[in-house]
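Structure at a glance
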Amino acid sequence: GAVVSQHPSWVICKSGTSVKIECRSLDFQATTMFWYRQFPKQSLMLMATSNEGSKATYEQGVEKDKFLINHASLTLSTLTVTSAHPEDSSFYICSAHRIRNTEAFFGQGTRLTVV
Amino acid sequence: AQSVTQLGSHVSVSEGALVLLRCNYSSSVPPYLFWYVQYPNQGLQLLLKYTSAATLVKGINGFEAEFKKSETSFHLTKPSAHMSDAAEYFCAGLTDSWGKLQFGAGTQVVVTP
């Protein structure tokens, strides 16, 4: 089956620093990747849509300068949380879609804690 | 546009009992619907999906769901709960051709001995 690897699984960083999260589709090419944020005991909130070779499309209310998304290849998208603050602490999840396929394959998530 | 509503944020079932998780959708076009399971600090795992083929969909781990257009529902069931079924369950609908999903609020399942 399709595998999406997200790295790191957890990270602790100091306030003001930047953190990069990687999302890789290991055995298929992903035309589109999505980034979600999940608060404790809540559902997934879509942050942005990442298409290979083009700028990401951000959902309303998501700061594009704070959450930088790069989709440099058909197998890799990265989310960089810039100048992180404690309120950015959350669980971040990516998903990837195969070309002409409706099914989403999810990474294992990244627990970000900003101290 | 697609929207998904899960009824009941928390469900407690006894081991061996029926599991029933409710999901209703609203859509102006035939929907693509999914059920996912999430264990603590993990990503989402697909249980099953409806893509306009059979209305009764069988998934992994003994789960199944029935698409009922007349009721705009896609409820998830499992005849006999197991302790390992304790997790968060999300119903989701596809909102565009790129794969964007609209998630329900989620239902936490607790299984008691």
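Every value quoted in this text rests on a predicted model; they were computed, and no experiment measured them.

All names here are of chain B. Residues Val 19, Leu 21, Cys 23 and Tyr 25 point to one face of strand 3 (residues 19-26) and are all buried, whereas Leu 20, Arg 22, Asn 24 and Ser 26, pointing to the other face, are not buried. Here strand 1 (residues 3-7) runs beside strand 3; their pairing, made up of five bridges, is antiparallel. Its bridge partner being in strand 3, Leu 7 is matched across the sheet by Arg 22. Taken together, the four bridges between strand 3 and strand 8 (residues 73-78) define a ladder with antiparallel strand orientation. Following the sheet pairing, Asn 24 is matched in strand 8 by Ser 73.

Residues and elements named next belong to chain A. Overall, the coordinates contain 13 aromatic pairs over all chains when judged by the stated rule. Relative to Phe 105, the ring of Phe 28 has its centre 5.5 Å away and its plane inclined at 55°; by these criteria the two rings are tilted. Of this pair, Phe 28 sits in the loop between strand 3 (19-25) and strand 4 (30-38) while Phe 105 sits in strand 10 (residues 104-106), and the two are 77 residues apart along the sequence. When its relative accessible area of 8% is taken as the criterion, Phe 28 is described as buried.

Here we come to the interface of chain B and chain A. Listed by partner, the interface residues are 20 residues for chain B and 22 residues for chain A. Roughly 1600 Å² of surface becomes buried between chain B and chain A when both sides are summed, with 57% attributable to carbon and sulfur atoms. Counting across the interface, chain B meets chain A through two salt bridges. Here Lys 49 of chain B ties to Glu 103 of chain A by a salt bridge, and the two come within 2.9 Å at their closest N and O atoms. The interface formed by chain B and chain A contains seven residue pairs in polar contact (both at pLDDT 80 or more). When the residues that make up the side of chain B that touches chain A are grouped by side-chain class, the tally is 11 nonpolar, seven polar and two charged.

Now for the sheet that holds strand 8 of chain B. Residues and elements named next belong to chain B. Spatial ordering of the open sheet is given by 1-3-8-7-6, a layout of five strands whose pairing is antiparallel. Where the open sheet ends on each side, the last strands, each with one partner, are strand 1 and strand 6 (56-58). Pairs of neighbouring strands in the sheet enclose a mean axial angle of 20°, with direction left out of account.

Let us look at the state of the cysteines. In a disulfide, the sulfur atoms of two cysteines are covalently bonded to one another. Residue and element names in this part refer to chain A. Under the counting rule described, the total for this entry stands at two disulfides over all chains. Here Cys 23 pairs with Cys 94 through a disulfide, and the sulfurs are 2.0 Å apart. For the disulfide bridge between Cys 23 and Cys 94, the dihedral angle about the S-S bond is near 80°, and by the sign convention the bridge is right-handed. Of this pair, Cys 23 sits in strand 3 while Cys 94 sits in strand 9 (residues 90-98), and the two are 71 residues apart along the sequence.

For Gly 99 of chain B, the position within the fold is in the loop between strand 9 (87-94) and strand 10 (101-103). When its relative accessible area of 2% is taken as the criterion, Gly 99 of chain B is described as buried. Ignoring any residue separated from it by four or fewer positions in sequence, one finds Gly 99 of chain B in contact with Phe 34 and His 97 of chain A together with Leu 94 of chain B.

In this section: a nonpolar patch on the surface. A cluster of nonpolar residues, Trp 10, Ile 12 and Val 115 of chain A, forms a patch on the protein surface that exposes about 380 Å² of accessible area. If you trace the backbone, Trp 10 of chain A turns up in strand 2 (residues 10-13).

The subject of this paragraph is the side chain of Thr 110 of chain A. Residue and element names in this part refer to chain A. Counting through the fold element by element, Thr 110 comes out in strand 11 (residues 110-114). At 3.0 Å, the side chain of Thr 110 and the side chain of Gln 6 are in polar contact. Discounting chain neighbours no more than four positions away, the residues touching Thr 110 are Gln 6, His 7, Pro 8, Ser 9, Val 11, Ile 21, Ser 90, Phe 91 and Tyr 92.

Among the nonpolar cores identified, the biggest contains 27 residues, and Phe 67 and Leu 112 of chain A are the most heavily contacted of them. Listed by contribution, the elements that provide at least two residues to this core are strand 2, strand 3, strand 4, strand 5 (44-51), strand 7 (67-73), strand 8 (76-81), strand 9 and strand 11 of chain A. Counting residues in each nonpolar core, the second largest holds 25 residues, with Val 13, Leu 33, Leu 76 and Ala 87 of chain B among its members.

Let us look at unusual backbone geometry. Along the chain, His 7 of chain A connects to Pro 8 of chain A via a cis peptide bond; the corresponding omega equals 5°. Backbone geometry at Lys 41 of chain A places phi at a positive 60°, although glycine is not the residue there. In this structure, Lys 41 of chain A sits in the loop between strand 4 and strand 5. A relative accessible area of 82% places Lys 41 of chain A in the exposed class. The backbone of Asn 61 of chain B shows a phi angle near 60°, a positive value even though the residue is not glycine. Mapped onto the elements of the fold, Asn 61 of chain B is located in the loop between strand 6 and strand 7 (64-68).

Conventions we followed
- Residues numbered from 1 in each chain as written.
- Chains lettered and ligands numbered in written order.
- Predicted model: local features only at pLDDT ≥ 70, side-chain atom pairs only at ≥ 80, totals over all residues.
- Heavy atoms only, no water.
- Buried < 20%, exposed > 50% of the residue type's maximum accessible area, 1.4 Å probe, protein only.
- Helix = DSSP H or I, 4+ residues; strand = E, 2+ residues; numbered from the N terminus.
- Pairing = 2+ DSSP bridges.
- Phe/Tyr/Trp six-rings, centres within 6.5 Å; stacked < 30°, edge-to-face > 60°.
- Contact = heavy atoms within 4.5 Å.
- Buried area = accessible area lost by both parts, 1.4 Å probe.
- Salt bridge = Lys/Arg side-chain N within 4 Å of Asp/Glu carboxyl O.
- Polar contact = N/O pair within 3.5 Å; in protein donor to acceptor, adjacent residues only side chain to side chain.
- Nonpolar A, V, L, I, M, F, W, Y, C, P; charged D, E, K, R; others polar.
- Axes fitted to C-alpha atoms, helices over the stretch in contact; angles between N-to-C directions.
- Disulfide = S-S within 2.5 Å.
- Patch = residues over 30% accessible without salt bridge, like charges linked within 9 Å, V, L, I, M, F, W, Y side chains within 5 Å.
- Areas by Shrake-Rupley, 256 points an atom, 1.4 Å probe, with all protein chains shown as cover.
- Core = buried A, V, L, I, M, F, W, Y, C linked by side-chain atoms within 4.5 Å.

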